[in-house]
Amino acid sequence: MSRRAQPGRPGTARRTMNPAESNRLFVYEYDRGSNYEEDTRLTAALSALLPEDELVHPDQRLFQTVHLITEYAWCEMHYEMRRAARGLGGRDYLLAAQLLERAAATGDVAVRALCVLLDFLPQESLLAMRETFPENTTGLDSPGARNLRRAAAALWQETEAALAREGIGMREVVRAQGRAASPAREDRAPDLALVRQALLRLDGAVAAWKHHHLRLVWSQLGGHPETAPVPGPTTDSPADPATGSPADRDPSAGSAAGSAAGSAVDLATGSAATPSAAPAATPSTTRDARDDLPKSLRGQSTAGVRAMAERSLFPRLWDSVDDTYRALVPDEQTPPA
């Protein structure tokens, strides 16, 4: 790779972010033709931000910036996950683990950006902005989230293929992670243990983002499971939304399995999953607790966000945790390993 033969020294700014600013020192200038702006594509990136005279609310700049940071972070995570999958296929497990750790660390950037929104975006600011957004403006259509889930499925397939290739079970990988003695030189379980640890970190980074996002939804739109129920016609069921416990009031409360079955939202499709075994409701006498919760701009209950927050990026990764517990903590039903 050779350097470009152009000077790239900055000249006069060709664009400003706030041309109406009267104080010259406060004018945000960019697109000065520098090699820095060209090589990082910074001019194009800054041009994605709405100019100040197009903001519908002063806090929209923060709102848009956090979303763009998140999408950039997820795009980078996707890139590293693909590289890690190639490393697994080439038996370069140490490189794969390093790349997955890099992806997880980038996921922490998205979490921190979201925390800024959670901590500093006033509720009334978001609701005022939301009134100007068109119908179906929803984060469920995030390309980053959708592509991460698809990449995670492919990455897990490569992980399982690597285990099969080496003739190593996940229990052996977990055992290698907690070993007390040095392994044999030809033993690849310790290397794959680093991959497993990195996968757990990556899964945790995405889970942290989803749980902070859930708290953002609760703090901005409402629907916290401790919220008092809205009065209305109900059934005489013990799980009556108007009289039940907080867990009873929220259809997404309880186990992860129950939450996913009750109102899971697929990031890849943006559709809400309804349990097929649920009894048919009679509109005149039955009220779904989700009907009383705030709705997204697609008209879906915010209960789906809670179910989504409990989903793992690598669901089968957690099987080894349960298997190890059963092996090391036997009970009456589980014989000692």
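Anyway, here's the lowdown on the structure attached to this text.

Criteria and cut-off values
Residues numbered from 1 in each chain as written. Predicted model: local features only at pLDDT ≥ 70, side-chain atom pairs only at ≥ 80, totals over all residues. Heavy atoms only, no water. Salt bridge = Lys/Arg side-chain N within 4 Å of Asp/Glu carboxyl O. Buried < 20%, exposed > 50% of the residue type's maximum accessible area, 1.4 Å probe, protein only. Helix = DSSP H or I, 4+ residues; strand = E, 2+ residues; numbered from the N terminus. Expected span 1.5 Å × (residues − 1). Polar contact = N/O pair within 3.5 Å; in protein donor to acceptor, adjacent residues only side chain to side chain.

## A closer look at the pattern of salt bridges
- Considering all chains together, one arrives at 12 salt bridges under this definition.
- The residue arginine 41 makes a salt bridge to glutamate 38 at a minimum N-O spacing of 3.8 Å.
- When its relative accessible area of 41% is taken as the criterion, glutamate 38 is described as partly exposed.
- Residue arginine 201 is joined to glutamate 101 by a salt bridge in which the shortest nitrogen-to-oxygen separation is 3.1 Å. In this pair, arginine 201 is assigned in helix H8 (residues 189-220) and glutamate 101 in helix H4 (residues 93-120), connecting sequence segments 100 residues apart.
- Several salt bridges share partner residues, and in doing so they unite Arg14, Arg15 and Asp31 into one network.

## Concerning the environment of phenylalanine 120
- Structurally, phenylalanine 120 is set in helix H4.
- For the pair phenylalanine 120 and aspartate 59, spaced 61 residues apart in the sequence, the C-alpha separation amounts to 9.5 Å.

## Concerning helix H6 (residues 143-166)
- Here H6 spans 35 Å end to end across 24 residues, near enough to the 34 Å set by a 1.5 Å rise per residue.
- For H6, the complete set of buried residues consists of Gly144, Ala145, Leu148, Arg149, Ala151, Ala152, Leu155, Trp156, Thr159, Ala162, Leu163 and Glu166.
- Among the residues of H6, the N-terminal cap falls to serine 142, whose side-chain oxygen and the backbone nitrogen of glycine 144 are separated by 3.3 Å.
- Directly beyond the C-terminal end of H6, a positive phi value near 65° is found at glycine 167.

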